[in-house]
Amino acid sequence: MNIKKSVLFILLILVIDQWSKIYIKTHFVLGESVEVFSWFKILFIENEGAAWGAKLSDVLPISDNIGKLVLTIFRLFAIFGIGYWLFDVIKKKASNTLIWAVSLIFAGALGNILDSVFYGAIFNESYNEVATLFSDEPYGKLFYGKVVDMLYFPMIDSTWPSWMPMVGGQNFRFFEPVFNIADTAISTGVGILLVFNKRAFSKEEPVSTDVESTTENQDSVNE
């Protein structure tokens, strides 16, 4: 896989990711949902933190604004690191499995960083109203945007049996996290690396080595 194919693949994921987010922001009020199937809903939420909504301010003695800025800057450094990794594996002609996986991770990370960097400066709030793109009254500024999530799969929505200790009678829902296309790309890329680890990081023997081995074997037979 060459760099041209990788870039086109990344751009395709970015277009789908950003189109879906912009559509949700400009057509849904925050918290609004649409049931597609009983096990799949479109639910508009915004994530100010990292994965699962975690915030740095929850673990460090800093304000939410500072935590958000630090997280966005960290994501920027991470995207440069992943980008270098992708360029390096393509340059070294690594396995296609590895290149596809890193391309997915890079595309997903870039998709979410666009939200974090720009959305606060181009959208107004979504509370009780549908947001406007390039609003005159944005809800934040550069580096303070919120990541848009909308894919929700409550495949099981039930209640724990009353006889179970600690959780009896409480609501049980699987799968509860709400995510987006970018998150899906990252998870898929990481999943490929975990499941197909040997294939992704395999190193093919150089042709010259095989030729030399064959020559040595023929010499042994001749002797």
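The notes below deal with the structure included here. Keep in mind that what you see is a predicted model, and the values were worked out from it rather than measured.

**Regarding the sheet that holds strand S3 (residues 147-152)**
Hydrogen bonding along the main chain pairs the strands of a sheet, whether they run parallel or antiparallel.
Link 1 in the chain: What the four strands build is an open sheet, ordered S1-S2-S3-S6; its pairing is antiparallel. The open sheet has two edge strands, strand S1 (33-37) and strand S6 (178-179), and neither has a second partner.
Link 2 in the chain: Of the pairings in the sheet, the one linking strand S2 (residues 40-47) to S3 comprises five bridges and is antiparallel in character. For Ile 45, the partnering residue across the bridge sits in S3 and is Asp 149.
Link 3 in the chain: Each of S2 and S3 touches helix H1 (residues 3-27); the most contacted strand, S3, lies at about 90 degrees to it.

**Brief notes about helix H2 (residues 64-91)**
Link 1 in the chain: A rise of 1.5 Å per residue sets the reference length of H2, with its 28 residues, at 40 Å; its end C-alpha atoms lie 40 Å apart and thus fit the reference within 8%.
Link 2 in the chain: Those residues of H2 lying buried are Gly 67, Lys 68, Leu 71, Thr 72, Arg 75, Ile 79, Ile 82, Leu 86, Asp 88, Val 89 and Ile 90.
Link 3 in the chain: Considering only its buried residues, H2 is in contact with H1, helix H3 (96-122) and S3.
Link 4 in the chain: The first or second residue beyond H2 is Lys 93, which carries a positive phi of 55 degrees.

How each quantity is defined
- Residues numbered from 1 in each chain as written.
- Predicted model: local features only at pLDDT ≥ 70, side-chain atom pairs only at ≥ 80, totals over all residues.
- Heavy atoms only, no water.
- Pairing = 2+ DSSP bridges.
- Helix = DSSP H or I, 4+ residues; strand = E, 2+ residues; numbered from the N terminus.
- Contact = heavy atoms within 4.5 Å.
- Axes fitted to C-alpha atoms, helices over the stretch in contact; angles between N-to-C directions.
- Expected span 1.5 Å × (residues − 1).
- Buried < 20%, exposed > 50% of the residue type's maximum accessible area, 1.4 Å probe, protein only.

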